[in-house]
Amino acid sequence: MSVPTQADNMNNMLQFMKLVGQLKRVPRTGWVYRNVKQPESVSDHMYRMSIMALTITDRNINRDRCMKMALVHDMAECIVGDIAPADNISKAEKHRREEEAMKHLTGLLQEGLRKEIYELWDEYEQQASPEARLVKELDQLEMILQAHEYEELEQRPGRLQEFFDSTQGRFHHPEVLQLVKSLSEERAGHIAAERPGSSEDSQTTDSQSNKPGGIS
């Protein structure tokens, strides 16, 4: 078996970058199912998660590892798409598809980088460390923050309540809990300020509201 040349390695890296670039064009399925206009992409979601990780001040957490994990945790979706709870695909099958995709993606990289990225993804999947568990909380926090922003943009406070309901009891880190508290207070004010009957369709049922809430 011939040893890859530098040109081979760079061509593989180019193919990796092109595949990862697909994430800019993969919309988050949960928003699509709720008829949100111009829904965010998977890469949009991961970018803000990485910024959230950057702001963590907990000295017991490896912040750099959290940032990296946030950037790779949904990377497989450039191949398998964004599989949401509403798609009725088992967790085991979802993991199998994503694991296969990650092996293909990281197989395009040189050994050290291949190992680092795959292990970051697997650590998150297995929730095998405090960093992985915190990044999962950031994943959920980013989702409800985005839901709140869509409610603001649509001027329909409360429309995406199911996304908030899906995160009940899932936040534990003190810094995340404080952010959730601030978000909940702001959102509660918006809902309370809505005049009765001022937005009839804020209480209507979406065409696909029979699908369970949540994205990740």
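Residues numbered from 1 in each chain as written. Predicted model: local features only at pLDDT ≥ 70, side-chain atom pairs only at ≥ 80, totals over all residues. Heavy atoms only, no water.

Draft legend 1. Seen up close, the overall build of the protein. Helix and strand counts for the protein stand at 10 helices and 0 strands. Element order for the protein, N to C, with α for helix and β for strand: α-α-α-α-α-α-α-α-α-α. Burial analysis of the protein (216 residues in total) assigns 41% to the buried set. Nonlocal contacts in the protein, meaning residues at least 24 apart in sequence, comprise 72% of its contacts between residues at least 6 apart. Accessible surface, the protein as shown: approximately 12000 Å² in total, 52% of it carbon and sulfur. (Helix = DSSP H or I, 4+ residues; strand = E, 2+ residues; numbered from the N terminus. Buried < 20%, exposed > 50% of the residue type's maximum accessible area, 1.4 Å probe, protein only. Contact = heavy atoms within 4.5 Å. Areas by Shrake-Rupley, 256 points an atom, 1.4 Å probe, with all protein chains shown as cover.)

Draft legend 2. A look at the environment of Val135. Structurally, the position occupied by Val135 is in helix H8 (residues 130-154). Once the C-alpha coordinates of Val135 and His73 are considered, the two residues, 62 residues apart in sequence, prove to be 8.9 Å apart. Not counting the four nearest positions on each side in its chain, Val135 is found in contact with Met49, Cys66, Met69, Ala70 and Tyr124.

Draft legend 3. Just the packing of aromatic side chains, in detail. Considering all chains together, one arrives at 3 aromatic pairs under this definition. Each ring, one from Tyr118 and one from Trp121, has its centre 5.6 Å from the other, and the planes form 50°; the classification is tilted. You can see Tyr118 and its partner Trp121 sitting in helix H7 (residues 111-126), 3 residues apart, about one turn around the helix. By relative accessible area, which is 0% here, Trp121 ends up buried. An aromatic cluster of three or more residues is present, and its members are Trp31, Tyr150 and Phe163. (Phe/Tyr/Trp six-rings, centres within 6.5 Å; stacked < 30°, edge-to-face > 60°.)

Draft legend 4. Main features of helix H6 (residues 91-106). The end-to-end C-alpha distance of H6, which contains 16 residues, comes to 22 Å, matching closely the 22 Å that a straight helix rising 1.5 Å per residue would cover. Looking at the buried residues of H6, the elements they touch are helix H1 (6-21), helix H5 (77-80) and H7. (Expected span 1.5 Å × (residues − 1).)

Draft legend 5. Examining a nonpolar patch on the surface more closely. Taken together, the side chains of Tyr47, Ile51 and Leu54 define a hydrophobic patch exposed on the protein surface, amounting to about 280 Å² of accessible area. Secondary-structure assignment places Ile51 in helix H3 (residues 42-55). Its relative accessible area of 34% is what places Ile51 among the partly exposed residues. (Patch = residues over 30% accessible without salt bridge, like charges linked within 9 Å, V, L, I, M, F, W, Y side chains within 5 Å. Salt bridge = Lys/Arg side-chain N within 4 Å of Asp/Glu carboxyl O.)

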